[in-house]
Amino acid sequence: MPKSLTPRLAALRDEIHGYAKEFGLDFFDTVFEMVSYDEMNMVAAYGGFPTRYPHWRWGMEYEQLAKGYEYGLSKIYELVINNDPCYAYLMESNPEVDQKLVMAHVYGHCDFFKNNFSFRHTNRRMIDEMANHATRVRRWVDKIGVEKVEDFIDRTLSLENLIDQHSPHIRRNPDPRRAEDELKANERVEGFKVGREYMRGYINPSEFLDSQRKKVEEEKQRAKKFPERPQRDVLLFLLEEAPLEPWESDILAILREEAHYFAPQGQTKIMNEGWASYWHSTIMTRRALRDDEIIDYADHHSGTMGTRPGAINPYKLGIELWRDIEERWNKGRFGKEWDECDDLRARRSWDKKLGAGREKIFEVRKHYNDITFIDTFLTPEFAMEQKLFVYGFNDKRNSWEILDREFRKVKSKLLQGLTNFGQPIIEVVDGNHENRGELLLAHKHDGQDLKGDYARETLRNLQSLWRRPVNIITRYDNKGMMLRFDGATHTEKKVEL
Amino acid sequence: MTLKIHQDHSRFKQIVRGKIKANLRKYVQKGEMIGKKGKDAISIPIPFIDIPRFKYGHKEQGGVGQGDGEVGQQLGPGAVEPGDGHQAGQGEGDHALEVDVTLEELAQILGEELQLPHIERRHNEKIVTQKIRYTGINTTGPESLRHFKRTFKQALRRQIAAGTYDPARPVIIPTREDRRYRSYKLQDLPETNAVIIYMMDVSGSMGDEQKEIVRIESFWLDTWLRHQYKGLEARYIIHDAVAREVDRDTFFHTRESGGTMISSAYKLCRDIIQADYPKSAWNIYPFHFSDGDNWSADDTRQCIEMLRNDVLPNVNQFAYGQVESPYGSGQFIKDLREAVGDTPNVALSEIADKDAIYASIKDFLGKGR
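Residues numbered from 1 in each chain as written. Chains lettered and ligands numbered in written order. Predicted model: local features only at pLDDT ≥ 70, side-chain atom pairs only at ≥ 80, totals over all residues. Heavy atoms only, no water.

Novice: Explain the sheet that holds strand β2 (residues 79–81) of chain A to me, please; I cannot follow it from the model alone.
Specialist: Picture the strands of a sheet paired through backbone hydrogen bonds; they go either parallel or antiparallel. All names here are of chain A. Strand order in the open sheet made by the three strands is β1-β3-β2, with mixed pairing throughout. The open sheet has two edge strands with one neighbour each: β1 (30–35) and β2. Strand after strand, the sheet turns through a mean of 20° between neighbouring axes, direction not considered. Bridge count for β1 against strand β3 (residues 86–91) is six bridges, and the pairing is parallel. Across the sheet, the residue bridging to Thr30 is Cys86, located in β3. Relative to β3, helix α2 (residues 37–45) is tilted by about 145°, and along the sheet it contacts β1, β2 and β3. (Pairing = 2+ DSSP bridges. Helix = DSSP H or I, 4+ residues; strand = E, 2+ residues; numbered from the N terminus. Axes fitted to C-alpha atoms, helices over the stretch in contact; angles between N-to-C directions. Contact = heavy atoms within 4.5 Å.)

Novice: Sorry if this is basic, but what is going on with the side chain of His147 of chain B here?
Specialist: Considering the arrangement of structural elements, one finds His147 of chain B in the loop between β4 (127–138) and α5 (148–162). A distance of 3.2 Å separates the side chain of His147 of chain B from the backbone nitrogen of Arg150 of chain B, its partner in a polar contact. (Polar contact = N/O pair within 3.5 Å; in protein donor to acceptor, adjacent residues only side chain to side chain.)

Novice: What's the story with the interface of chain B and chain A in this structure? I'm lost.
Specialist: Frequently, the measure chosen for interface size is the accessible area removed from exposure when the parts meet. Each side of the interface is counted separately: chain B has 53 residues, and chain A has 78 residues. Each partner contributes to the roughly 6100 Å² buried at the junction of chain B and chain A, and carbon and sulfur atoms together form 56% of this total. When the buried surface of chain B facing chain A is broken down by residue, Phe54, Tyr56 and Gln66 of chain B rank first, second and third, together holding 17% of it. Scanning the region where chain B abuts chain A turns up four salt bridges. Measuring nitrogen to oxygen at the nearest pair gives 3.0 Å for the salt bridge that ties Glu160 of chain A to Arg53 of chain B. Where chain B meets chain A, there are 27 residue pairs in polar contact (both at pLDDT 80 or more). At the level of secondary structure, the elements contributing two or more residues to the side of chain B that touches chain A comprise α1 (6–29), α3 (58–61), β2 (63–66) and β3 (96–102) of chain B. For the side of chain B that touches chain A, the element with the most residues is α1 of chain B, which contributes eight residues. (Buried area = accessible area lost by both parts, 1.4 Å probe. Salt bridge = Lys/Arg side-chain N within 4 Å of Asp/Glu carboxyl O.)

Spatial relationships are all this shows, so hold off on functional conclusions.
In structure tokens, the structure reads:
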């Protein structure tokens, strides 16, 4: 299995480590391990971890990676785990120049993991945690049987994206519901205080008392409704409210924890890959590269940066944005004066020789995620330079085509794709829908319809956990629609929104 | 070396197999697999092997891209990643995952699902081929087989032993005695050989629909027999009033007009068997497809005679598939049934439409001959 580095590679690592430190990168200890391509594919299939709980989809992932490698279509160069210490893998068969590039790249990632706020609440002992999860799941497999456990995992994975990505950053009051309930329970409907008994009928007429009583009753009913506010973390809601067996709860909790662990990586993909690429490029070209390696380096680097029209390459977009920010802050191209200048020539030659670029990017890597990063730093000039456009599907021509190059549209489409990692936002609205114990979800529609067949299959899986009928309110073709699965049949009906 | 993931990997394959099995009837009816056939493997779309989620329909979603081009310009095929991106191989707007299955495996699944018996071979291990196996290292041999690593290792060993190795200047020069060569042995590998002789009526009454059925059916027959025999050959005969041998492509794409003389095909089939496939060494499978219209009762008589005397005694199984067509009378299968229907090595099947292919395969292969 994984081997430690050869003396030669260990020396190279020390060299690259020195450059990374010299440039001010700040990272956890980083352990490099040598693996064969086969082991690399395995580790990659496991999401970077040496051990995961048993499940067929790792096998599927592995098959695809192994095939891609076999046919020469793809090759994994770099794999690094957010952990303290960070673990990273080097492929045995790679030439030295690639190993150096990967090491430099990895130090970039490790710096990002340690410093970016999104990762602050992630478990830094996740390697151990993953291994514990594997043990727990295997134990359930021994007890309950592989078919049942795997089937439950399949169904739960179907709901895996229904978490609240931001929840680790939100501190909620300790159970406000209970406090309010207690208050209300103590409240009795007695009407206003009556000084003279004969005035009672006038001060507190019985209709008034009745209506007050009714109000309190309704208030109590409403309090029974749960969740009190719409809840984004559907998995948590199920964990607390669904009638699960202990083993089911345990597995659900495991999957939810893993989903939360991976969420920040989804939230910072462009920044993180861009950051790592920025640093491998800087370290290699300014320090580590030998003359005879330059061609191979350039070939590999340009391969990583390659774009194709119908996709955003996070490495490319990221590195360009970092460089753009650095340049703008070096030249003072920001602030009121810059924003208000509409003389094109002046803007082009604008250079206040601030030299604040390096400092700025270090600051940005701390406090932003992809959404705020793009929102703050993607400028019209940049979008034009990088030739960004919005594309869409043309039904008439049955093909994808370029729709627009207008900056606002490009930016808003880009942001839309990043919101909730490009997944629909879905909340639990009612756990006792129509007072029949049914589950009601709501899709916060943002102009894009759900994929229908997937939605129905997902509802089916949700129902098997909730065990009562489940409903989701969404929109199709701009009309309110409620999809429902009661355990046997799917139905849909129009609803007013 | 075994990796931990192999357990998950084989579980995945097992699931795929189950999905294929469950959908086999659909695959058999649709011809789409034939087009996706590679050399030894086939890509099959598997429904719902990926995990369903609440997600956007990708076509509605669109996205942001990067590069040159005017507004309105089409993006080339493959430019847009469908679905989540990193899961490769998903069909556009489709929830199917494409998996590669070897033809060998597909045949096994077909066999299990249709409960096909294994074929009893008439001739076991008659034909022998020779195969080179590299078995070891020798001190002599042709230069083209010189094993460089072993040669240098040997030289290094000698130099160290002789004390002439200098770590400061680690130059190793092999001498004649150091040279090592790969050695091989010729192994006899027994093989059982079989030939399929496909015959098809291409007269005017056989339409595209009918030929499509023949094409699909022959794909499955091929797949199964290839699974049973190593070194399967196939010959193709088309006929209307006269018969001729053609290549596979022509076989499926020829359309002639005019009358039908089935005897012409059987005659050619007989000649091919006599010339190239001695009964003593070959397992022989003639498959004939037509819409059941023959020119005359007299020609049909000739056919039966030829079958009885020349074909049936020499082949494992003769199979006739009658593809229903609006023009055919469908008489021929009745005549065959009457004349040779009881013969054990005759399989007759009526194929009404694509849905019937599934059952027809069983008619043809269910006898295990």
